[in-house]
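Coordinates in review
The lines below spell out each chain.
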Amino acid sequence: MPSAATGARGPAGSTGADEAGEVRRFWNGLGIPGLIDVHTHFMPERVLHKVWAYFDAQGPLTAGLQWPIAYRKAEEERTSLLRSFGVRAFTSMLYPHKPGMARWLNDWAAGFARRTPDCLHTATLFPEPDAGAYVREAVEAGARVFKAHVQVGAYDPADPLLQPAWGVLAEAGIPVVIHCGSGPAPGEYTGPGPMARVLARHPRLRLIVAHLGMPEYEDFLGLAERYEQVRLDTTMAFTDFTEELMPFPRRALPRLADLGDRVLLGSDFPNIPYAYTHQLRALERLGLGREWLRAVCHDNAAKLFGL
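Below: a short report on this structure. (Residues numbered from 1 in each chain as written. Predicted model: local features only at pLDDT ≥ 70, side-chain atom pairs only at ≥ 80, totals over all residues. Heavy atoms only, no water.)

**What to know about the sheet that holds strand β3 (residues 119-120)**
Reading across from one edge, β1-β2-β3 is the order of the 3 strands in this open sheet, with parallel pairing throughout. Because the sheet does not close on itself, it has two edges, and the strands there are β1 (35-36) and β3. Note: β1 against strand β2 (residues 87-91), 2 bridges, orientation parallel. When the sheet's bridge partners are listed, Ile36 is paired in β2 with Ala89. (Pairing = 2+ DSSP bridges. Helix = DSSP H or I, 4+ residues; strand = E, 2+ residues; numbered from the N terminus.)

Here it is, written out as structure tokens:
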């Protein structure tokens, strides 16, 4: 069973200043003005606490893994910590697990974005009759990125109820970070097939495949190679925790290098079982070069979001 190994463990035993200094040394060494993390979770506190409780209980969607939350802190502490790391922009990845939640979550996320200017205004969606309407409302209200979670929501992303929403997002050019791979535990609608059906109908959709699509890495690389608006985020990929369970095939590294302009840094902060720096060092040790790291950690997202 994977666990947070030595060197990959959370920040216990080090001070916040020590960790912030290490993160800043990393991006200073790349000659970039900071990091842009497209996959961080902020949501209403009672919702987030339920998420943490699910991880604590080793629920089915965690594949029964021991998953200690490294940054179990209050909202203000978490935003302050990201700023101390030099994260220039981040997201409030939130998602419904049933109908009737998305509009309420979007209202909360709009308020969070207003009081947190370095957070990219995030919104979400679910297959329900009013999805197209509230997605358009969120876009008109300034949403800059959406989050979809096929695994938790247990829905088909190609559901006809979502077609109007995908159309709105494709037309507006708003990126969607979507957990659609089958890791850490498969769902009825996870995997590349359902997303391929969505993209066949909406080829201009700016899809960001979370976690590089783990464990179907190569299939999702194929979608990115086929559709120029498909991107991937690095969330949890290549870390010791993930490599023990869902290793990235080394034969696919050249393909990942070739897609270097469409790979974005994601971390899953605060819901990670190791220190934030471990994700950065895991990317560095791939050996894909300084320019690839610069693009992934900052430049690609800066271009996508006009930062």
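**Re the sheet that holds strand β7 (residues 207-209)**
Taken in spatial order, the 6 strands make up an open sheet running β4-β5-β6-β7-β8-β9, and their pairing is parallel. Sheet topology places β4 (122-124) and β9 (263-264) at the edges, where each strand pairs with a single neighbour. Of the strand pairs in this sheet, β4 and strand β5 (residues 145-149) are connected by 3 bridges, and their pairing is parallel. Looking at β5, one finds that Thr124 is bridged to Lys147.

**Thoughts on helix α13 (residues 290-305)**
The end-to-end C-alpha distance of α13 is 22 Å, a good match for the 22 Å that 16 residues give at a rise of 1.5 Å each. Maximum bend of α13: about 55°, positioned at Val296. Along α13, the positions that sit buried rather than exposed are Trp292, Leu293, Ala295, Val296, Cys297, His298, Asn300, Ala301, Ala302, Leu304 and Phe305. Among the residues trailing α13, Gly306 stands out with phi positive, at a value near 65°. (Expected span 1.5 Å × (residues − 1). Bend = angle between axes of the 7 residues up to and from the residue. Buried < 20%, exposed > 50% of the residue type's maximum accessible area, 1.4 Å probe, protein only.)

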